[in-house]
Every structure is written in structure tokens, then in C-alpha cells.
Amino acid sequence: MEQQPPSATDRTPVPGTSTRLDSYVERYAARTAGMTASEIRALFAVASRPEVVSLAGGMPNISGLPLDVVGGAIHDLVRTHGAVAMQYGSGQGDPALREQICDVMRLEGIEAHPDDVVVTVGSQQAVDLVTRIFCDPGDVVICEAPSYVGALGVFRAYECDVVHAAMDEHGLVPDALREAITSVRASGRTIKFLYTIPNYHNPAGVSMAAERRPEILEICREADILVLEDNPYGLLGFDDVPYRALRADEAEGVIYLGSFSKTFAPGFRVGWALAPHAVREKLVLAQESATLCPPSFSQMAVSSYLSNHDWMGQVKEFREMYRERRDTMIDSLQDLMPAATRWNVPDGGFYVWLTLPDGLDAKAMLPRAVTARVAYVPGTAFFSDGFGAQSMRLSYCYPTPERIREGVRRLVGVIEEEMELRETFGAAGPATLRRGYESPNTDLT
Ligand SMILES: Cc1ncc(COP(=O)(O)O)c(C=O)c1O
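Below is a summary of the structure that appears in this document. (Residues numbered from 1 in each chain as written. Predicted model: local features only at pLDDT ≥ 70, side-chain atom pairs only at ≥ 80, totals over all residues. Heavy atoms only, no water.)

## Regarding the sheet that holds strand β7 (residues 226-230)
Quick note on the threshold: Any two strands with at least two DSSP bridges between them are considered paired. In this description a helix means any DSSP run of H or I spanning at least four residues, a strand means any run of E spanning at least two, and both kinds are numbered starting from the N terminus.
With mixed pairing, 8 strands are arranged side by side in an open sheet as β2-β9-β8-β7-β6-β3-β4-β5. The sheet terminates laterally at β2 (117-121) and β5 (171-172), the two strands that pair on one side only. Pairing of strand β6 (residues 191-196) with β7 involves 4 bridges; the strand directions are parallel. Within β7, the residue paired with F193 across the bridge is L226.

Structure, rendered in C-alpha cells:
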């Protein structure tokens, strides 16, 4: 039978006949309009070529993991508990692992009961489940400016409005949070929660100062706003003592998210949410409808790693490795970057936030940077409102120190060329460049 192209009334796609890129486009739910590939995703294909120094991706560097130990533990797990490990499990997560998670959180001052923990498929799924149970379309989530691109994607997918509040070198600015709350409420909209990454922020690289934490909690308590504390990097600080979690001082108003992706390995996809009891029940229902249960095998592998290996010793090694790379990046920036470029010095985690000299646009510059064989993530990826064009996120977690230095050298070449072009052809700055938030950078120049 001859194939006919779909008519306006019958849009059943006929393979090979559609002239559209996506012949299903009119059938998708409205919420998919917000589901676009992130700037990071689009970059991965190019940035992963070996000749490009990628300062873009935030992949944890797990080359130091003792694979023989992990392999042995997994072998034992299959031999001794295989029938359970490969079976469905509890929607809330493995009870033994939930107890161990409470021990992990104690390192940040949190006293919690395993009943209040829900294991998730990475903390990414926890962001999704929390948004799913709290947010209707049009509800507002307050986020730092800038914020984690993966969370912004979730908020967009649930059709939330993201309102950013400024950060400085000490993290979220209390007055900016107050102003955001006041202006959202004046517009008649409902704020569902504050999403914050207090430690070693992705992408800003800053940490919320200890003195500021009680004030942020107090503002949210007074305004009756939940806090979603996302803390995957909390144990990756370069000082010995981790920051005290917000959740350590506020049990009812905070949902805390943790992850083994950066302290162990992201491939297991094990994270968790610690929530007030009633919220925990809703989260389990949401988890059951999403996945039935988090993967038993991954949970038991993580549990066995925690109990049979010096995992804190391994975290210490990771910290030292990241510290060395942070030092290399900061030294290279200091040695090579032109004046009027600003950046911060992170005290943990993976990222430096760099702001270009006035008039330069990191997004417009990216193709030229990739041609010069260096990649970064333009700041606009981390804002829901078009800001951030003058900034970029640089990751030092993955490349070797030599590659980091070479990457910065290439980046400097591109920036200097851009500055020359601007001088030659005048100062008509890129139309997309918008300012409005304080930069979280410490001015080092
Ligand atoms: C701030 C933040 N939250 C959540 C995640 C998700 O981590 P995972 O799902 O691997 O636990 C990441 C990953 O990079 C992150 O940077």
C-alpha cells in the first residue's frame, strides 16, 4: 500500500514520510515545552574529543577508586546475597543503607532517623520527586543566581517559575532572599520552596558562610517557606571539618538531599532525601509510582562499600586530588588571565565561576573557544532568565593539572582575541548581555 503523509486531522506518523523533524510535536504534553537539552548536554559531544581540554563537564574524577576492592565486594555480594540484590526491594530503600546514610549525615551535624530517609536514583531523582509532590504549574521556586542546571531542568519540566536571588562570595544574600519573597508574594504567586546548594556551589563555587545560615533559616521560617538543601559536595571541602548542614538546625522546615555520586561513584546512582515525616510518606508514594523501588543491587553495593572499606579515607584522597587541581586552576588564572577578569577561590567541590571583562559574552565566545580546543559552560545555562552571559563555569575536577593549565592558557588566548576585536571594532556589546545580579566572585585582580 502506498504511504500517505499525515493529514491535519490524522497525525499518525508514517515512517519516512514526515518533513518535520519531530512528527509527534503536537501531541506532547505542554510541560515538555520546558524540556530542552541543556547547554552542557549539547557540549558534551564536542568537549569529549581528546584534543579539547574540557573545563566544562562536572564529572567526578573516580580514577583513584580501588576497583579491585569494589569488584571483590560486588562478587561477594552476588555470591552471598545475589537473590535479594537482584530482586525488587522496598520503595523507601534498603533499611541497612538508610541507617548508614544517617551515619554519613552525622558528619555534618544531622541527627536523623532511618525512617525519615528515602533512597533515590541519585539526588537528581530526589529533586524531581520533591518538585513532583509540591509544585503545580506556575508555582515559584526560589533559586540562587546562578543555580544547578539539572535542578532548573526539573523545575522547568514541572512548569514552575524560577525566581533567582543573588549570591555573593558568602553564598545566598539574605536581603536578596527577602526581596525575592516580597516581590513574588506581591505578584500574587505562591512560593513552594527555596532550592539552595550551601556547600561548594555548582556552578558558583562559593559556600554559604556559617554565620549566614541561621539568618537564611530564620527568613524561611518566618515566611513559612520550605528549604530544599541540595548537598552532594558537602564532604568534599578542602578544610578538615565539613560545614554544618542547614538541616542540622532545622528539622521541620528543611528537606535535605545527599548523594554517593561524588564521595563514591555516580554509576551506582544512589542518593537520598531526608524529609519531615509526613513529606517522607508522600516521597515514598512518588518514588513507587516513578520506579517501584530504587535499585536493590546498587544500594547493596554501596552499603557493602561503606561497611567494608575505609570510605572516608578514600574521600580524603579525593579531596586532596581536587585540592591540587583547584590550586593549579587558581594559579593558572592568576598567572595568565587579563586584568578585569574575576573569579572566586572555592574551598571545596569542583567549580570556579569566572566573570569576563565588560562587554564580553561567554556564550557568543564558546564556538571560538572550542575551535581553540578548550570548553567551558557559559553562565546563561545556570539562569532561567537569560542572565549570566558575561560569566562561565570552569570545572577543575576531571582534567590533570597539566591539562588544566593548558586549558586556561588556551582560554586566555580566546579572551584576549575577543578583547582585541572589541577594541578594533568598537564597544557595541552583544545584545544578549544582561546584568542584574551581583556576581558571586571575589575580586582577585
Ligand atoms: C548540585 C547538584 N545536585 C544534584 C546533582 C545530581 O547528582 P546525582 O544525581 O548524581 O546524585 C548534581 C550533579 O552534578 C549537582 O551538582
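## Examining the site of the ligand
So the rule is basically this: Proximity is defined per residue: if any heavy atom of the residue lies within 4 Å of a molecule or strand, that residue is considered near it. Polar contacts here mean pairs of N or O atoms no more than 3.5 Å apart (in protein, one a potential hydrogen donor and the other a potential acceptor; neighbouring residues in sequence count only if both atoms are side-chain atoms). Each accessible area is a Shrake-Rupley result for a 1.4 Å probe, and residues are judged covered by the shown protein chains and nothing else. Classification used: nonpolar for Ala, Val, Leu, Ile, Met, Phe, Trp, Tyr, Cys and Pro, charged for Asp, Glu, Lys and Arg, polar for all others including Gly.
For the ligand, the set of nearby residues contains 13 residues, the closest of which are D230, Y233, S259, S261 and K262. Contact distances for the ligand include 2.8 Å between an oxygen atom and a side-chain N or O atom of N202. With respect to the ligand, the side chain of K262 contributes an N or O atom lying 2.7 Å from an oxygen atom. Taken by itself the ligand offers 400 Å² of open surface, and the protein chains cover 92% of this. Here the shell around the ligand takes 3 residues from helix α4 (residues 122-134), the largest share from any one element. Of the residues assigned to the shell around the ligand, the class counts are 4 nonpolar, 6 polar and 3 charged.

## Section: the sheet that holds strand β13 (residues 377-378)
The antiparallel open sheet is built from 4 strands, whose spatial order is β10-β11-β14-β13. Looking at strand neighbours, the two that pair on one side only are β10 (342-343) and β13, the edges of this open sheet. Two strands pair when backbone bridges link them, and strand β11 (residues 351-355) and strand β14 (residues 391-395) are joined in this way by 5 bridges, in the antiparallel orientation. When the sheet's bridge partners are listed, W353 is paired in β14 with R393.

## Details of the state of the cysteines
Inclusion rule: Working definition: a disulfide is two cysteine sulfur atoms within 2.5 Å of each other.
The final tally for this structure, using the stated rule, is 0 disulfides. Its sulfur unpaired, C135 is 3.8 Å from the next cysteine sulfur, which belongs to C160.

## Some words on the nonpolar core
This is how it is decided: By convention a nonpolar core is built from buried Ala, Val, Leu, Ile, Met, Phe, Trp, Tyr and Cys residues, the set being connected through side-chain atoms within 4.5 Å. We call a residue buried when its accessible area falls under 20% of the maximum for its residue type, exposed when it is over 50%, and partly exposed in between, using a 1.4 Å probe and counting protein chains only.
Counting 68 residues, the largest nonpolar core has M105, F260, L333 and L394 as its most contacted members. Counting residues in each nonpolar core, the second largest holds 28 residues, with C143, A151, L257 and A273 among its members.

## As for empty space enclosed by the protein
So the rule is basically this: Grid spacing is 1 Å over the protein atoms alone, the probe is 1.4 Å, and a cavity is where that probe fits but cannot get out, while a pocket is an open set with protein on both sides within 12 Å along at least five of seven lines and lining residues have an atom within 4 Å of a point. Grid points are joined across faces, edges and corners, and a volume is the space filled by probe spheres set on the points.
Considering all chains together, one arrives at 1 cavity of 30 Å³ or more under this definition. Taken as a whole, the largest cavity holds about 90 Å³ of empty space. If you trace the largest cavity, you find it lined by V104, E108, N231, P232, G234, L235, Y256, G258, S259, F260, T263 and W272. For the lining of the largest cavity, the element with the most residues is strand β8 (residues 254-259), which contributes 3 residues. Of the residues assigned to the lining of the largest cavity, the class counts are 6 nonpolar, 5 polar and 1 charged.

## Topic: the pattern of salt bridges
Our working rule: In what follows, salt bridge is the name for a side-chain nitrogen of Lys or Arg lying within 4 Å of a carboxyl oxygen of Asp or Glu.
What the rule picks out here adds up to 18 salt bridges. Across the pair D128 and R132 runs a salt bridge whose closest N-O atoms are separated by 3.3 Å. Taken together, the residues D128 and R132, both in helix α4 and 4 residues apart, mark about one turn of the helix. Looking at R132, the relative accessible area reads 34%, which means it is partly exposed. We note a salt bridge from R410 to E406, for which the minimum N-O separation is 2.8 Å. Taken together, the residues R410 and E406, both in helix α12 (residues 401-425) and 4 residues apart, mark about one turn of the helix. The class of E406 is partly exposed, set by a relative accessible area of 23%. Each of D103, R106 and E111 takes part in salt bridges that share partners, so that together they form one network.

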